[in-house]
Amino acid sequence: MKKILAVILFSLIASALTGCNDIKPVVGSSEPSSNIESSVKESSQVKEPSSEAEQSSKETVSKAESSEENVSETEDSKDENSEGEQSSKEDGSENEDASSEASADEEQSSEHEGENDESSDDEDSEDESSKEDESLFSFRLAIDYVEYKLPFDYDKLNEAGYYLEKTGTVEPNTHTRSLDWKDDDGHKISVQLWNPTDKAKDYDECKVGSIEIKLGEEMNVVLPGDFSFDFDVTPEAVKEQYGEPESEHIYDNYVTLRYKKDLSSTVEFFIYTDETMQKFSSVTVKNFV
């Protein structure tokens, strides 16, 4: 029994010893594995610098890209600023142009306004002048197509072909009685000479201050407003043309109408309603001012 147990024990020991020998190669093979692991570790340690380099490279690339981005952003900013400045300049230029155009428009408008004002003033002046010319108190008349405005110089009647057969002197600031002037055709007008100075004057140095013309002289006489004083004249026609007179007197065969500015400036119509006496109808324009 002891022998059997000894044999079994020996077998177990032998088996144990055989098993250890079998493991040794494995252990030996593990050493290479350890070496491999070491190699791997070394490889990883070697790769780590590479990884750092890659990291550094990546950082460099990233910085470069960041720099490029910054440069791009800077350039974009510059472009935007440039565009802004350009736009500002253009806006400024447009504003200046607009301001210049507005100023030019204002000046032109002002010029036009000035021209309109002058034109309006001229029109007003023409209207006033026209109204004055149409008024009896313009003291204008035309005799045989020659225009006169009282008072006027003595020589003007001489130039129109009228002459005075008398000579004489007029005292300062006075006028004569009616004096008859004639032309070569025998037409006659009655005139009062006026001396507005402080010294005595001869007739030919005085002014004509009053003219009276009768229808019987058969001259072409036109008063302000193109009113013809002829055989068709009536008191009603005179009033229709010049309005109501300062005074009106009606008699059996004639009517007098007197338009007065003042005592020294009047226009008086003496109109016969009797046809047989109509040639004695007259108009007298007087202005000693």
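Scroll up to find the structure.
To start, this report covers the structure provided alongside it.

Here is what the cut-offs are and how they apply
Residues numbered from 1 in each chain as written. Predicted model: local features only at pLDDT ≥ 70, side-chain atom pairs only at ≥ 80, totals over all residues. Heavy atoms only, no water. Helix = DSSP H or I, 4+ residues; strand = E, 2+ residues; numbered from the N terminus. Buried < 20%, exposed > 50% of the residue type's maximum accessible area, 1.4 Å probe, protein only. Contact = heavy atoms within 4.5 Å. Pairing = 2+ DSSP bridges. Patch = residues over 30% accessible without salt bridge, like charges linked within 9 Å, V, L, I, M, F, W, Y side chains within 5 Å. Areas by Shrake-Rupley, 256 points an atom, 1.4 Å probe, with all protein chains shown as cover. Salt bridge = Lys/Arg side-chain N within 4 Å of Asp/Glu carboxyl O.

Looking now at the overall build of the protein chain. Looking only at helices and strands, the protein chain features three helices and 15 strands. The buried share of the protein chain, reckoned over its 289 residues, is 22%. When contacts within the protein chain are restricted to residue pairs at least 6 apart in sequence, those whose partners lie at least 24 apart make up 46%.

Further remarks concern the pairing of strand S14 (residues 265-272). Among the eight residues that make up S14, six are buried, leaving the element largely enclosed by the rest of the structure. In this sheet, S14 lies alongside strand S13 (residues 254-262) in antiparallel orientation, the contact comprising eight bridges. Bridging from a neighbouring strand, Tyr254 pairs with Tyr272 of S14. Between the antiparallel neighbours S13 and S14 lie two residues. Examined bridge by bridge, S14 and strand S15 (residues 282-287) share six bridges and lie antiparallel to one another.

The next point concerns unusual backbone geometry. Cis geometry marks the peptide bond from Leu150 to Pro151; its omega dihedral reads -5°. Mapped onto the secondary structure, Pro151 falls in the loop between strand S2 (146-149) and strand S3 (152-153). Residues other than glycine seldom take positive phi values, yet Asp144 does so here, at roughly 50°. Classification of Asp144 as partly exposed rests on a relative accessible area of 30%. Even without glycine at this site, Glu218 takes up a positive phi of about 50°. Looking at the secondary structure, you find Glu218 in the loop between strand S9 (207-214) and strand S10 (221-223).

The grouping of Leu5, Ile8, Leu9 and Leu12 at the surface amounts to a nonpolar patch, some 400 Å² of accessible area in total. Among the secondary structure elements, Leu5 is positioned in helix H1 (residues 2-134).

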